[in-house]
Amino acid sequence: MSDAGIDTEKPPEWDPATAWKPLVKADQISSAEIYTKQRESCPLSLDTTERGQRLWHAFRSSDVAEILMNTELFSSAVPKFGKPMIPIELDPPTHTTFRRLLSNMMAPRRILRYEASIRSAVVTELTPLIEARGGDLVPLTYRIPIRAFCLLVGETDDSVFASLDQKLRATAPPFERQDQQATDQRAAAVAPLIEFCRERLLSRRGNPCDDLASDIANGQINGSLIDEDDATRMLTLIYMAGHDTTAMGMQGAISLLARHSDAQSALRSNPARIPSAVEECLRLEPPLHTLPRYCTRDTTLAGRSILSGDQVYPVFGAANVDPEGFANPEVFNIDRKPNHFTFGRGVHTCPGSPLARMEIRVLLEELLRRTEHFDLGADASRKEWPRNGYKKLPIVLHV
Ligand code: HEM
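Keep in mind the model is a prediction, meaning the values are calculated, not measured.

Visitor: Can you walk me through the site of the ligand in this structure?
Guide: Taken together, 26 residues lie around the ligand, and H95, R99, R293, H348 and C350 are the ones closest in. With respect to the ligand, the backbone of I88 contributes an N or O atom lying 3.4 Å from an oxygen atom. Here R99 contributes a side-chain N or O atom positioned 2.7 Å from an oxygen atom of the ligand. For the shell around the ligand, the secondary-structure elements that each account for two or more residues are α3 (94-105), α10 (228-242), α11 (244-258) and α15 (353-369). Among the elements that make up the shell around the ligand, the one with the highest residue count is α10 (four residues). A per-class count over the shell around the ligand returns 16 nonpolar, eight polar and two charged.

Visitor: Is there a simple way to think about the sheet that holds strand β11 (residues 373-376) in this case?
Guide: Picture the strands of a sheet paired through backbone hydrogen bonds; they go either parallel or antiparallel. Pairing is antiparallel in the open sheet, where three strands are placed in the order β4-β14-β11. Lying at the two open borders of the sheet, with one neighbouring strand each, are β4 (134-136) and β11. Adjacent strand axes in the sheet meet at a mean angle of 20° when their direction is disregarded. Docked against the sheet, α11 engages β11 and β14 (394-398), running at close to 105° with respect to β11.

Visitor: Help me understand the coordination of the iron atom of the ligand, please; the structure alone is not making it clear to me.
Guide: Perfect tetrahedral coordination of a metal by four donors corresponds to 109.5 degrees between them, and perfect octahedral coordination by six donors corresponds to 90 or 180 degrees. No other protein atom reaches the iron atom of the ligand as a donor apart from C350 (SG), found 2.3 Å away. Within the secondary structure, C350 sits in the loop between α14 (316-319) and α15.

Visitor: Teacher, can you tell me more about the nonpolar core here?
Guide: Considering soluble globular proteins, one finds that nonpolar side chains tend to be buried as a cluster. The biggest cluster of nonpolar side chains holds 94 residues, and the ones touching the most others in it are F161, L193, I216, M234 and L364. Considering every element that reaches this core, the biggest residue donor is helix α6 (residues 138-153), with ten residues. With sequence-adjacent residues up to four places away left out, I216 is seen in contact with M105, L201, I226, A231, M234, L235 and I238. Judged by nonpolar contacts, the second largest core, of 17 residues, contains L44, V64, I67 and L301.

Visitor: Quick question: what am I supposed to make of α3 here?
Guide: Among all positions of α3, only H95, F98, R99, L101, L102 and M105 are buried. Along the long axis of α3, the arc covered by the buried residues comes to 160°, so they all point the same way.

Visitor: Can you help me understand the environment of P108 in this one?
Guide: Position of P108 relative to the elements: it lies in helix α4 (residues 108-111). The spatial distance from the C-alpha of P108 to the C-alpha of D184 is 36 Å, given a sequence separation of 76 residues.

Visitor: What exactly am I supposed to notice about the pattern of salt bridges here?
Guide: Side chains that differ in charge, positive against negative, can pair when their charged atoms come close. If you walk through the whole model with that rule in mind, you get 32 salt bridges. D210 is the salt-bridge partner of R113, the closest N and O atoms lying 2.5 Å from each other. Highlighted residues: R113 in the loop between α4 and α5 (115-131) and D210 in the loop between α8 (180-204) and α9 (212-217), separated in sequence by 97 residues. According to the relative accessible area criterion, R113 is partly exposed, its value standing at 26%. When its relative accessible area of 60% is taken as the criterion, D210 is described as exposed. The salt bridge partner of E115 is R361, with a shortest N-O separation of 2.9 Å. Of this pair, E115 sits in helix α5 while R361 sits in helix α15, and the two are 246 residues apart along the sequence. The residues E115 and R361 share a single accessibility class, namely buried. One connected set of salt bridges, linked through shared partners, spans E115, R119, R361, E365, E366 and R369.

Visitor: So what exactly am I meant to see when it comes to the sheet that holds strand β1 (residues 44-48) here?
Guide: Read from one edge to the other, the open sheet built from five strands follows the order β1-β2-β10-β7-β3, with strand pairing classed as mixed. A single partner strand is all that each edge strand has here, and the edge strands are β1 and β3 (74-75). Note: strand β7 (residues 293-295) against strand β10 (residues 311-314), two bridges, orientation antiparallel. Of the residues in β10, the one forming a bridge with R293 is V312.

Rules used in this analysis
Residues numbered from 1 in each chain as written. Predicted model: local features only at pLDDT ≥ 70, side-chain atom pairs only at ≥ 80, totals over all residues. Heavy atoms only, no water. Near = heavy atom within 4 Å. Polar contact = N/O pair within 3.5 Å; in protein donor to acceptor, adjacent residues only side chain to side chain. Helix = DSSP H or I, 4+ residues; strand = E, 2+ residues; numbered from the N terminus. Nonpolar A, V, L, I, M, F, W, Y, C, P; charged D, E, K, R; others polar. Pairing = 2+ DSSP bridges. Axes fitted to C-alpha atoms, helices over the stretch in contact; angles between N-to-C directions. Contact = heavy atoms within 4.5 Å. Donors = N, O, S within 2.8 Å, 3.2 Å for Na, K, Ca; no water. Core = buried A, V, L, I, M, F, W, Y, C linked by side-chain atoms within 4.5 Å. Buried < 20%, exposed > 50% of the residue type's maximum accessible area, 1.4 Å probe, protein only. Arc of directions from axis to C-beta. Salt bridge = Lys/Arg side-chain N within 4 Å of Asp/Glu carboxyl O.

Taken by themselves, the reported measurements are silent on function.
Structure below.
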């Protein structure tokens, strides 16, 4: 256990000449160090799963950018839930039309309409923790994005999503498994959420309200009303892509600030620096260290031969601490304004980033405003790579 109370189970030794074995419960403090070693010794590593699937992990920012920008060579179009989730499992040009619609609907100016309600949800969630002078932060970080999603679809009962979400996460096999059985299991796990989204969209067709569900339900694709099934998969993805990620973003930001009391003081005295601090937290604590791509034809990257059908993982977490892109990358500098990889790059760059940034910013604003100081409590424990969040994150609040 480290001084900061984090479960820093010692990383197992790995042989960089062969493969990236991310069995590490990576403590954020050491992940820059781990990635530096890996980048210097084996910047593009190959592993093979028990089922014979070849997996590459890219650790250099230049390779990560190349993989993300070249959608023709490194495709996203491998559905993990039966039919493709829209637009994340589409490549251009099909991706482009859906994405244009989504980007407009989720633009920062459209998302601003939710800020007051999100702030009030944050205050409601924070109050018991403040009164108790601390506790586990994790449940709150999962409830705030659920409340935000309720706003997006005009739902008042947030327990609906909590139960759908629990079911989904309990039953879905990991994305690395591409076999039919895994796909079927994932499709079954997501089915109740899909049905909820379908019903909500149908109720908004021809009867729009001021919410994102109405925007999607009545969206136009190539001059015609969006297909019901496509709209449903789009709304379902928004929920799936925006829940766990935002929760982990909040956890990462608060855990970093808890370890940097100088940064807490600086932000309390000048809250205008909070948006830039959020970016630096997202750089050093990216909620997802990586997401997959699928190689479409034999090629060469970083001097190594990648075969058609190989899975290729651009490691955002490693690119974010590559000195090629960031000076003194291991240093937490709340004024850095980093152009990080946490929301991806290229055509799939996260359209939910304005909402995620707002949720994290508002939580930090309220937490900093209502405390004199906060520290990490004992017995924090992390999720496993490539997810970068906490199973438990106790904090101690001084008010
Ligand atoms: C801190 C929180 C978040 C992180 C770190 C994050 C990260 C990402 C990343 C890395 C991608 C690119 C995926 C790829 O290239 O394959 C992505 C895509 C996406 N994200 Fe987020 N995300 C977050 C929050 C959200 C939220 C709040 C929403 C919606 C409310 C959302 C919706 C989406 C969607 C729909 C896509 C697919 C975009 C496309 O394929 O064009 N995300 N996200």
